[in-house]
Structures are given as structure tokens and as C-alpha cells.
Amino acid sequence: MNKKLVYMNHDGGVDDLVSLAAVLLMQDVELLGVGVIPGDCYLEPAVSASRKIIDVFGSGANVETAASDSRAKNPFPKEWRMHAYFVDALPMLNEKDEPSAPLVEEPAHLHLARKLREADRKVTLLFTGPLTDLSRALLAAPDIEDNIESLVWMGGSFKGTGNIIEPEHDGTAEWNAFWDPEAAADVWRSGIDIIAYPLLATDQVPWTVARRNAWARERRHPALDFAAQCYAMCPPLVHVHANDTYFLWDLLTTSHLGGAPIATLREVACRVHASGPSQGRIEEADGCRTIRIAEKIDAEAFFAYMTSLFKTYKG
Ligand code: AGV
Ligand code: CA
């Protein structure tokens, strides 16, 4: 059977980097390339960590990484962006002096366009950060739309409130959409089949002390140790959902590629607020384009799937 072709574009958060490791471990997925955008990260450590993760978890696959030159409309807080430095410094990723996975010179959006053109069949896009590189790729090379199977994206809220607490915003948006609302609006104007994992879904998989300790007890498995070390940088949900509380937003979204029954999807008609105080909000609206959103999550099945996936890595 043909493997599912996937191109991943991520924004270097802890969750994004763990998700990259998960994609590399999926037996039925062939990863065509990785784009890194400086959203929830600084670019250099996120590119470096991505290449090291490909070296460690990619079983010798020659996956190219491309750095994005896209810029924020609304930048992420510095404290979160610093996480990429911590992941990049983990001992497990630094047994060699330099990563050997290739870094290409072209910017991430052109890399994405080239990989789509070169593919011999349709490609699934996994975006765990802002959509800027996809919107720019579509502008530079409109023909690539035909080569896209679907876009699996962590973004949107669909639960009323979002996760932005910023001046000049009404709090209804989710960060990946807020970082570049116009890009999300551009992608909405395309005919791409969009499957979004919004906060409505990701709220069902908070990082908790119980989950942390469950993976700690299995840290003899190196990939579970890696994931647990990464998430150790992030505050768990203890008493109340605070602004810094961590959810497994991107890892849940990534689990979509594995095919295990975890999420139920619902079709919704919706539009993107491209500007103004609700910018980045994706609002249900009759008559607008439809996408599918993950709604009800089987959290136990998700953790069981990820735990078993990470256990397949033998070092
Ligand atoms: O809005 C969720 C997105 C996901 O792609 N990111 C984190 C995940 O990578 C932004 C974000 C929202 N709240 C955060 C975030 C937090 N408390 N810490 C770090 N990043
Ligand atoms: Ca992310």
C-alpha cells in the first residue's frame, strides 16, 4: 500500500516539535518536507531542533527542512517563543555536534510549492502553526492547489472564547489564526479541503500532572522520555485553565494522520475575521465556505495511541 504523503509546516513550539517526532514515527506516513515559521518560536533554534529530531526519529529518511521568511501580524509572547531553545538543547538531540538532516536555501513557502509539484500523488498538509506559508505558496504557485489532498490544521476556537489575551483584541480568536489573520482568510478563499482541530477539540486534551507522571513512569522508552522532557517546559492544568496552561493542541491534530478513531468531525460553514478587534476569529456563518472541525475527542484513545506510537521507537 502507498504511504500517505505529508508535508508539515510548524511554528517551533514544544507541541510542534513533539508532533514532528510523532509524524516521523508513523509507519504509514512519508514525510516530504518540513517548513518552520517563526510563530511560537525563534527561528534558529526551531530549525536546528527540527533537523535534530529528523536525525533522531526519522530512521535515516532524508527529510529536508526549510526556514520561513514570513512575518507576524501579531507576534507571540517571548516567553513561549523561548521554548525552542530549550528543546534544541536537550541531551537526547545533541549526541552529535551538528545535525545532518538537510537544510534547504529556499524559503518555506517555495519549498512547500516545489514539494507539492514534485509529488506523484496528492499530499496531505499538516499545519500546526499559522497559515502564512500556505497562503504565500498559493499566491506564488496557484496550480499546487490541485496537488493538495487536504489541510489538517490546528487553529480556530469554535467555543466562544479564544486563547488570546492581548490589548486591542476581544479575545475571540485562537493564536495560530491571530498571528496572521489575513493568511487564514486567504486559505479560506481557496478550494482546499480543510480539517481543523480548534480549541473546542484541543481543550479536551490538557497536559495534566497525571499524564505527565504516566509518561515519566515509562521513560525507559526513549521517545516517551523525549516527549516528557519537552512537555516538562510547559505548565500543566492543575487548578484552573490559565493563560499559560498547556494543551496538546498540535499533537492531537497530528494524531489525525495516524487514522486511529480519536475525533468526531462536524461540517461547519464559517468565515475568518481578517481585521479589527476580532481578527483571527473563525465564526460559524450560514452560507460561507464549509470546513470540517474536530469536535468530540476520545482523550483516552488519543493518549493510548500516542503512548504506543512513541514506544515503537527503539533508539
Ligand atoms: O493556540 C495553540 C497553538 C498550538 O499550535 N500554540 C501552541 C501550540 O503549538 C500557541 C499557544 C497558545 N497558548 C499557548 C501557546 C501557551 N500557553 N504556551 C505556548 N503556546
Ligand atoms: Ca504550534
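Remember, predicted model here, so these are calculated numbers, not experimental data.

In this section: the coordination of the calcium ion (ligand 2). Here the calcium ion (ligand 2) is held by Asp 11 (OD), Asp 16 (OD), Asp 16 (OD), Thr 128 (O) and Asp 250 (OD), and the distances to it run 2.2 to 2.6 Å. Along the chain, the residues that donate to the calcium ion (ligand 2) are spaced as D-x4-D-x111-T-x121-D. Separated by 122 residues along the polypeptide, Thr 128 in the loop between strand E4 (123-127) and helix H6 (132-140) and Asp 250 in helix H12 (residues 249-255) bring together distant segments of the chain. Taken as a pair, Thr 128 and Asp 250 share a single burial class, namely buried.

Our focus in this paragraph is the UniProt feature "domain: Inosine/uridine-preferring nucleoside hydrolase" (unreviewed entry) in the protein. The UniProt entry lists residues 6-303 under the feature "domain: Inosine/uridine-preferring nucleoside hydrolase" (unreviewed entry), expressed in the numbering used here. The annotated region residues 6-303 carries 35% helix and 18% strand content, and the separation between its end C-alpha atoms amounts to 22 Å.

Our focus in this paragraph is the site of ligand 1. For ligand 1, the set of nearby residues contains 17 residues, the closest of which are Asp 40, Thr 128, Glu 174, Asn 176 and Asp 250. The contact in question runs from an oxygen atom of ligand 1 to an N or O atom on the side chain of Asp 16, over 3.0 Å. Between ligand 1 and Asn 176 there is a distance of 3.0 Å, counted from an oxygen atom to a side-chain nitrogen or oxygen. In the complex, 99% of the free accessible area of ligand 1, which totals 420 Å², lies under the protein chains. Counting residues per element, the ones that place at least two in the shell around ligand 1 are helix H1 (14-25), helix H7 (175-179) and H12. For the shell around ligand 1, the residue count by class is 6 nonpolar, 5 polar and 6 charged.

Here the focus is the side chain of Asn 163. As for its position among the elements, Asn 163 is in the loop between strand E5 (148-154) and H7. Residue Asn 163 is classed as buried on the basis of its relative accessible area of 18%.

The biggest cluster of nonpolar side chains holds 65 residues, and the ones touching the most others in it are Trp 215, Leu 251 and Phe 310. Per-element tally for this core: the top contributor is H1, with 9 residues. Counting residues in each nonpolar core, the second largest holds 34 residues, with Ala 137, Ala 177, Trp 188 and Val 268 among its members.

A few words now on the pattern of salt bridges. Oppositely charged side chains are able to pair whenever their charged atoms sit close together. If you walk through the whole model with that rule in mind, you get 20 salt bridges. Residues Glu 182 and Lys 73 are paired through a salt bridge, measuring 4.0 Å at the closest nitrogen-oxygen approach. Of this pair, Glu 182 sits in helix H8 (residues 181-189) while Lys 73 is found in the loop between strand E3 (65-67) and helix H3 (78-81), placing the two residues 109 residues apart along the sequence. On the accessibility criterion, Glu 182 (41% relative accessible area) is partly exposed. Relative accessible area serves as the criterion here: at 41%, Lys 73 is assigned to the partly exposed category. Between Glu 283 and Arg 271 there is a salt bridge; the shortest N-O distance is 3.4 Å. With a gap of 12 residues between them, Glu 283 in strand E8 (residues 282-284) and Arg 271 in strand E7 (residues 263-272) connect regions that are remote in the sequence. A residue is classified by how much of its surface remains accessible, and Arg 271, at 36% relative accessible area, is partly exposed. One continuous salt-bridge network, built from bridges that share partners, spans Glu 64, Glu 106, Arg 114, Lys 115 and Glu 118.

Criteria and thresholds
- Residues numbered from 1 in each chain as written.
- Chains lettered and ligands numbered in written order.
- Predicted model: local features only at pLDDT ≥ 70, side-chain atom pairs only at ≥ 80, totals over all residues.
- Heavy atoms only, no water.
- Donors = N, O, S within 2.8 Å, 3.2 Å for Na, K, Ca; no water.
- Helix = DSSP H or I, 4+ residues; strand = E, 2+ residues; numbered from the N terminus.
- Buried < 20%, exposed > 50% of the residue type's maximum accessible area, 1.4 Å probe, protein only.
- UniProt positions renumbered as here; feature names shortened; annotations may be inferred.
- Near = heavy atom within 4 Å.
- Polar contact = N/O pair within 3.5 Å; in protein donor to acceptor, adjacent residues only side chain to side chain.
- Areas by Shrake-Rupley, 256 points an atom, 1.4 Å probe, with all protein chains shown as cover.
- Nonpolar A, V, L, I, M, F, W, Y, C, P; charged D, E, K, R; others polar.
- Core = buried A, V, L, I, M, F, W, Y, C linked by side-chain atoms within 4.5 Å.
- Salt bridge = Lys/Arg side-chain N within 4 Å of Asp/Glu carboxyl O.

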